[in-house]
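This is what each chain is made of:
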Amino acid sequence: MTAALFPEPFVRGIQRLRIVARHRITGDHRGEHASQRAGAGMDFRDYRAYSPGDDLRRVDWNVYRRTRRLMLRLYDEPQRLGVYVLLDVSASMDLESPPRVHAAKQVAAAMAAAAAHQHDPVLVVPFSNELHPPLQLRMAASLPRLLAELEALGTGGPTDLGAVVRGFARARRRPDLLILVSDFFDPGGIDPVLHHLASVRHRLILAQLTRRSDRAPALEGDLRLIDCEDGSALRVSISPRMRRHYDAAYAGFCAKLQRFAVRRGAPLVRIDTDVPVLPQLDSVFHGGVLRL
Amino acid sequence: MIFTGISSLAVIGSLAVFGGILAVLHLLRTRPRPVLMVTTLFWEEARSATRARTLLHQFQQRAVLLLLLAAAALMVFSTSQPVVQSATQPARYVVLVLDAGLSMQAAAADAGKPRFDEARSAAEEVIATLGRRDRLAVVAVDPTPRVIHRFDQPRAVAFRQLRPLRPASQPADATAALRLADSLLADRASDDPGRILWVTDRRTTDVEDHRIAAGTPARLIPIQVGESLSNAALLAVSFRPDEAAPSRGRLHVRAGWWGETTATVRMVATAETSGAVVLDQEVAVSASGAVDAVSAPIPADGSVVEVRVRETEGVPGDNAVRLRLPNRPPIVIAADPALPAALRLALAATPARVVPPTDPAGALRAVSTVPAQPSPDRPVIAVNQEGAQMEAGYQVKGAVGAAAVDGLDFEGAVCGAGPAIERSGDASAFQPLLTAGGRVVAALDTPRGQPPTLLLSAALFERASTVVNQPAFALMISRVVRRLAGWDETPVSLPARRAVTDPAWSHALAQVSPIITVPGDRVTSDLRAIDAERGEPISGAAGSAGGFLTLYQTLIVLALALVVLDAYLHARRGMV
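In this text, all values refer to a predicted model and were calculated from it rather than measured experimentally.

Draft legend 1. How the structure looks around the overall build of chain A. Within chain A, the secondary structure is distributed over 10 helices and 13 strands. Out of the 292 residues in chain A, the part that is buried amounts to 50%. Restricting the contact set of chain A to residue pairs at least 6 apart, pairs at least 24 apart contribute 73%. For chain A, the exposed area adds up to about 13700 Å²; of that, 51% sits on carbon and sulfur atoms.

Pasting the structure below:
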């Protein structure tokens, strides 16, 4: 069953992905990302004046001979980056054919695999209108187990992206990496979601799940549109004029998301759920590396 | 507005039914298709942006429904034939006099229908064009005048009263009809003298004469229908047999005259085979009247007789009918001296002549016993002496389905003791006539290849028998004898169209078949218009209302236009 959603070529593809933090990250554990703190790493970074209590083994005696000043050598200490993949599993993700949740799971799997190969701890947290029990990936060797758990993960419940982000932000004080995999279709609109995302201290990667029917819905005539999550109905008579307004509304939605991502410096990857996911990830994983 | 086609209640009911159906269909048509969506977020925004157009669209949908309802209402109104008139126009009292006399039976030369149909249509049109406040009474003259619609009755009733009317067999009494119409107008309280609309085939001058004779002061407006005719024609020809000697009878001929003055009509009947003239009479007849002539007794020998109306001075006529007389040859019965007296008496009451048994050729044979070898060409009336014996006292009844005893009453008749009649041959050729105690006591046996035989049980003539005293017994014997003699007594039927030698008659079928008229049956000839002078018809309120379309046609056109508009708006809705 895993092969249906995560075929072997896909698994091989995601295993070569890496997530690398370009800027200093304040982490509590040793990992492979550059840290903002000087530590006992292998890469020289800078000097600083000796203070009583410092480790004398770090004193650069050559500098002392030249300057008669006690100076410590500072090195970069690799840190571990906590990666959280928030995976949208609300009911709307399972409506269409093929369901968006398939692509979402593949994106989540790719992100988790990229983080795991950097020895970063990964938590895949499904959500709908609240956070569901997470799926943990401690090491790359555990990837198959994660894929199986993702395969078996069900969908359901309404979407409340704003509440989920807000709740996540309150619970996770350490600024780690937050990867949000969703279509971002919140009943309250995109503005509250972006407002809550703005308050998140984590580094962000946004993976927006789209498809052609979002951009150009094949609807016409008198229709009663029913929201699949809350059952609310909207009666419309689709005319060319209304279609133009729809296009403008959807374009505005995408533009807001784009502007937010630019302001936050967060990579935004738009995944078309109608085409294979892995090639689309190349837009952010250049040469297999996503540099933050 | 008043509704002259259907009642107001029917109009309201029709509107309610059609309106309800249209509303339901409209709702079904506009019911949107449900579609399950991932999100309706963007459509909500789009709809808000197009809110004004949505309202316009909803208005258009309601307008479409109103258009459909308006179209349905117009269709209903067009069926109900409304009549609209200005309320300021004063009410008028109108008496419609409809001529349903003899002359209205005349058929138009090209249509073949009686002119009375044209008169009725003209009357209906007059009624339909009357104003809402006008008061209508209708007098039918068929041939005496009678009121069939009063002033206080609804207009729709007048139409229903006109439909069953038929032209009479006598000329219409126009003077009495105008007097009656005048009396109807005199009974109301109004300064308006009223109007009498007279639908007739009479000429204007004749109309005026009748008005003067009636002394009516009301304004008289003749509405002439049909062409003016002035010729004579046959109306009916029949052969009526004499009661005492049914093998003979007389021709009864009726002819009509459509002229304007008293004239003389000549009727001639000629036997085609012998050329003998059996009828040649000239009879005076009044204008638009009918006369009868009766011929001398003639034998009912199955020959063809031609009856013709011949032209006389001032009376054109070349109308003719060919009539085949019934075939009833004389009946002779050679009676056995040993016949029971009651049977001999019954035979004497038949049209036959009873003779001694000298075996004349062609005569029936009445024998006291069933002959051992009957003659193949001579029917037999035989008294049956052999068979299973019955006791006396059984009630005699007529057999079901036997035409010879149909309608005859044998109540109280009992049979004597004697042999029953038993079938010996083909069951289909054996027809019981009388039964007693479940046994056949009289039957008609017609075996193939043999002469028919009337079998009568000897029990009928026993002392204890009372059936021979019943008049029904004598009638049964008479019927059977006539049948055995081959008399033509089945009723003859006349085709719907009578065959005449008049060249104006256009029905080819009628030209080739011999026609026999049934006594009393009315036949109308196709009278040719010979008189070239015709008076100009004085048109009254009848006739078309003027304009390109009538009100009903206009309503229908409007309704169709609304339906087309509805279809256009429905199709265009997606382009808004």
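Following the structure, the description resumes.
Draft legend 2. Broad picture of the overall build of chain B. A tally of regular secondary structure across chain B gives 11 helices and 26 strands. Within chain B, contacts between residues separated by at least 24 positions form 69% of all contacts whose residues are at least 6 apart in sequence. With an accessible surface of roughly 28100 Å², chain B has 55% of that area assigned to carbon and sulfur atoms.

Draft legend 3. Molecular detail of the interface of chain A and chain B. In this complex, chain A contributes 33 residues to the contact, which on the side of chain B involves 26 residues. Put simply, chain A and chain B have seven residue pairs in polar contact (both at pLDDT 80 or more) between them. Secondary-structure elements contributing two or more residues to the side of chain A that touches chain B are strand 10 (221-227), strand 11 (233-238) and helix 9 (240-264) of chain A. At eight residues, the largest contribution of residues to the side of chain A that touches chain B is made by helix 9 of chain A. Considered class by class, the residues forming the side of chain A that touches chain B number 18 nonpolar, five polar and 10 charged.

Draft legend 4. Representation of the confidence of the model for chain B in the model. Averaged over every residue, the pLDDT of chain B is 75; the share at 70 or more is 73%. Confidence metrics for the complex model read pTM 0.43 and ipTM 0.80.

Draft legend 5. Region of interest: the sheet that holds strand 8 (residues 177-182) of chain A. Residues and elements named next belong to chain A. Sheet architecture is open: six strands sit in the order 7-6-5-8-9-12, paired in mixed fashion. The open sheet has two edge strands, strand 7 (135-137) and strand 12 (268-272), and neither has a second partner. Averaged over all pairs of adjacent strands, the angle between strand axes in this sheet comes to 15°, irrespective of strand direction. Looking at chain direction, strand 5 (residues 83-88) and strand 8 are connected through five bridges and run parallel.

Draft legend 6. Representation of helix 9 (residues 471-484) of chain B within the structure. Residue and element names in this part refer to chain B. Between the first and last C-alpha of helix 9 there are 20 Å, a value that for 14 residues agrees with the 20 Å anticipated at 1.5 Å per step. Along helix 9, the residues classified as buried are A472, F473, M476, I477, S478, V480, V481, R482 and L484. Downstream of helix 9 by one or two residues, G486 has phi in the positive range, about 80°.

Draft legend 7. Spotlight on a positive patch on the surface. A cluster of basic residues, A:R224, A:R235, B:R31 and B:R62, forms a positive patch at the surface. For A:R224, the position within the fold is in strand 10. Among the residues examined, A:R224 registers a relative accessible area of 35% and is labelled partly exposed.

Draft legend 8. Inspection of the pairing of strand 12 (residues 277-285) of chain B at higher detail. Residue and element names in this part refer to chain B. Pairing of strand 11 (residues 263-271) with strand 12 involves eight bridges; the strand directions are antiparallel. Bridge pairing in strand 12 links R266 to E282. The antiparallel pairing of strand 11 with strand 12 creates a hairpin that spans five residues between the two strands, and G275 there sits at a positive phi of about 80°.

Draft legend 9. Representation of the pairing of strand 5 (residues 135-141) of chain B within the structure. Residues and elements named next belong to chain B. Most of strand 5 is tucked away, with six of its seven residues classed as buried. In this structure, strand 4 (residues 93-99) lies alongside strand 5, joined through seven bridges in parallel fashion. The residue of strand 5 that forms the bridge with Y93 is R135. Sheet topology note: the strand 5/strand 6 (residues 145-149) ladder contains four bridges and is antiparallel. Looking at the pairing, V139 lines up with V147 of strand 6. Hairpin remark: strand 5 followed by strand 6, antiparallel, with three residues in the connecting loop.

Draft legend 10. Geometry of the packing of aromatic side chains. With the rule as written, the count across this model stands at 12 aromatic pairs over all chains. Here the aromatic rings of A:W61 and A:Y64 are separated by 5.8 Å at their centres, their planes lie at 85°, and the arrangement is edge-to-face. Within this pair, A:W61 and its partner A:Y64 are both found in helix 3 (residues 61-67), separated by three residues, close to a single helical turn. Put simply, the rings of A:F185, A:Y246, A:Y250, A:F253, B:F42 and B:W43 touch in pairs and so form one group of aromatic residues.

Draft legend 11. Seen up close, the sheet that holds strand 8 (residues 219-224) of chain B. Residue and element names in this part refer to chain B. On the basis of which strands lie adjacent, the open sheet formed by five strands has the order 6-5-4-7-8 and mixed pairing. Every interior strand has two partners, whereas the edge strands, strand 6 and strand 8, have only one. Taken over all neighbouring pairs, the strand axes of this sheet differ in orientation by 25° on average, direction set aside. Examined bridge by bridge, strand 7 (residues 195-200) and strand 8 share six bridges and lie parallel to one another. Counterpart to V199 in the pairing with strand 8 is I223. Contacting strand 4, strand 5, strand 6, strand 7 and strand 8, helix 6 (residues 174-186) crosses the sheet at an angle of about 155° to strand 7.

Draft legend 12. Representation of the pattern of salt bridges within the structure. Residue and element names in this part refer to chain A. What the rule picks out here adds up to 18 salt bridges over all chains. Its salt-bridge partner being R73, residue D60 comes within 3.0 Å of it at the nearest N-O pair. Taken as a pair, D60 in the loop between strand 3 (43-49) and helix 3 and R73 in strand 4 (residues 71-76) lie far apart in primary sequence, 13 residues in all.

What counts as what
- Residues numbered from 1 in each chain as written.
- Chains lettered and ligands numbered in written order.
- Predicted model: local features only at pLDDT ≥ 70, side-chain atom pairs only at ≥ 80, totals over all residues.
- Heavy atoms only, no water.
- Helix = DSSP H or I, 4+ residues; strand = E, 2+ residues; numbered from the N terminus.
- Buried < 20%, exposed > 50% of the residue type's maximum accessible area, 1.4 Å probe, protein only.
- Contact = heavy atoms within 4.5 Å.
- Areas by Shrake-Rupley, 256 points an atom, 1.4 Å probe, with all protein chains shown as cover.
- Polar contact = N/O pair within 3.5 Å; in protein donor to acceptor, adjacent residues only side chain to side chain.
- Nonpolar A, V, L, I, M, F, W, Y, C, P; charged D, E, K, R; others polar.
- pLDDT = per-residue confidence, 0-100.
- Pairing = 2+ DSSP bridges.
- Axes fitted to C-alpha atoms, helices over the stretch in contact; angles between N-to-C directions.
- Expected span 1.5 Å × (residues − 1).
- Patch = residues over 30% accessible without salt bridge, like charges linked within 9 Å, V, L, I, M, F, W, Y side chains within 5 Å.
- Salt bridge = Lys/Arg side-chain N within 4 Å of Asp/Glu carboxyl O.
- Lys, Arg positive; Asp, Glu negative; His and termini not counted.
- Charge placed at Lys NZ, Arg CZ, Asp CG, Glu CD.
- Phe/Tyr/Trp six-rings, centres within 6.5 Å; stacked < 30°, edge-to-face > 60°.

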